[in-house]
Amino acid sequence: MVKSIIEGLADYFLQCPLLGDGVFRVDALGSDPVEYALESAITSPILKKYVDGSSIRQYQFNFNSREAYSMDRILAIQNESFYEDLCNWVEEQSVLGKLPEMPKGCEAQKLTVLAPGYMLDATMENAHYQVQLVLQYFKEAPNNVR
């Protein structure tokens, strides 16, 4: 069992067949391609609270990468296609019920893409891309966690 949501998400994305040989990190994206990183985003976690103290929550986060970049059309298409494929993989896994492992007392319900892959910044050698996602989950009341 994982101890945190971000640990479960990291393990989940490490299973993605699209990632290949890139370096994978949490909260740190290096300056050389190919690297991937997860980082948490700012959001209100509670969507719905029940009288027993349990709740439906969300964990918003970003999937980032550092990719090779140039003005070459073929390379740009490859980068954009990777993100299209990644978003499709996430959506398919969610529909199939293949969701990240969660800490004790939490159960993942769905993983949703909020914003598909887009370039945040670029130099003539590499670019920083990002996908925004949200994990919706049920959290037991604190006194019910076993």
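Quick note: structure is the one above.
Computed from a predicted model, the values in this text were never measured in an experiment. Residue positions are given per chain, counted from 1 along the sequence in the order it is written. Where local features are concerned, this predicted model is filtered to residues with pLDDT of at least 70; where side-chain atom pairs are given and counted, the filter is 80 or more; whole-chain, interface and lining totals use all residues. In computing side-chain properties, one takes all heavy atoms of the structure into account and sets aside hydrogens as well as water.

Enquirer: Help me understand the side chain of Asn62, please; the structure alone is not making it clear to me.
Expert: Relative to the assigned elements, Asn62 resides in strand β4 (residues 55-68). Those residues within four positions of Asn62 in sequence are excluded, and the remaining contacts are Ala37, Leu38, Glu39, Ala41, Gln130, Val131 and Gln132. For helices the rule is a DSSP run of H or I covering at least 4 residues; for strands it is a run of E covering at least 2, with both sets numbered from the N terminus onward. Here, residues are in contact when the closest pair of their heavy atoms is within 4.5 Å.

Enquirer: Just checking my understanding: could you explain the nonpolar core for this structure?
Expert: Buried together is how nonpolar side chains tend to be arranged in soluble globular proteins. Side-chain atoms within 4.5 Å link the members of a nonpolar core, which is a set of buried Ala, Val, Leu, Ile, Met, Phe, Trp, Tyr and Cys residues. In this scheme, a residue with accessible area under 20% of its type's maximum is buried, one over 50% is exposed, and one in between is partly exposed, where area comes from a 1.4 Å probe on protein chains only. Counting residues in hydrophobic clusters, the biggest one holds 32 residues, and the most contacted among them are Phe13, Phe61, Phe63 and Leu135. Each residue touching Leu135, except ones within four places of it in the same chain, is listed here: Ile5, Leu9, Arg57, Gln58, Tyr59, Phe61, Pro100, Met102, Ala108, Lys110 and Leu111.

Enquirer: Explain the packing of aromatic side chains to me, please; I cannot follow it from the model alone.
Expert: For any pair of aromatic rings, the description rests on two quantities: the centre-to-centre distance and the angle between the ring planes. Stacked, edge-to-face and tilted are the three classes for Phe, Tyr and Trp ring pairs, Trp counted by its six-membered ring, which pair at centre distances within 6.5 Å; planes under 30 degrees apart are stacked, over 60 edge-to-face, the rest tilted. Going through the model one piece at a time under the given rule, you end up with eleven aromatic pairs. Look at Phe13 and Phe61: their rings are 6.1 Å apart centre to centre, the planes differ by 70°, and that puts the pair in the edge-to-face class. Here Phe13 is found in helix α1 (residues 5-14), whereas its partner Phe61 is found in strand β4, with 48 residues between them in sequence. Geometrically, the ring pair formed by Phe63 and Tyr83 is edge-to-face, given 6.3 Å between the ring centres and 70° between the ring planes.

Enquirer: Would you take a moment to explain the pairing of strand β2 (residues 35-40) for this structure?
Expert: The two faces of the sheet receive side chains in turn, since in a regular strand these alternate between them. Two strands pair if DSSP finds at least two bridges between them. Bridging between strand β1 (residues 23-26) and β2 involves four bridges; their strand directions are parallel. In the sheet register, Val23 faces β2, and the bridge partner there is Glu35. Note: β2 against β4, six bridges, orientation antiparallel. Each bridged residue has a counterpart across the sheet, and for Ser40 the counterpart in β4 is Phe61.

Enquirer: Explain the side chain of Glu67 to me, please; I cannot follow it from the model alone.
Expert: With respect to the helices and strands, Glu67 occurs in strand β4. Within this scheme the basic residues Lys and Arg register as positive and the acidic residues Asp and Glu register as negative, but His and the chain ends are omitted. Salt bridge, as used here, is a side-chain nitrogen of Lys or Arg placed within 4 Å of a carboxyl oxygen of Asp or Glu. It is Arg66 that comes nearest to the buried, bridge-free Glu67 among opposite-charge side chains, at 9.3 Å. Separated by 2.9 Å, the side chains of Glu67 and Ser65 make a polar contact. Among residues more than four places away in sequence, those in contact with Glu67 are Pro33, Val34, Tyr36, Asn79, Phe82, Glu125, Asn126, Ala127 and Tyr129. By the criterion applied in these results, polar contacts are pairs of N or O atoms within 3.5 Å in which, for protein atoms, one can donate a hydrogen and the other can accept it, and in which residues neighboring in sequence qualify only through two side-chain atoms.

Enquirer: Sorry, what's going on with the state of the cysteines here?
Expert: The disulfide criterion used throughout: a pair of cysteine sulfur atoms within 2.5 Å. Within the structure shown, the criterion is met by zero disulfides. Counting only cysteine sulfurs, Cys87 is the nearest neighbor of Cys16, a cysteine outside any disulfide, at a range of 10 Å.

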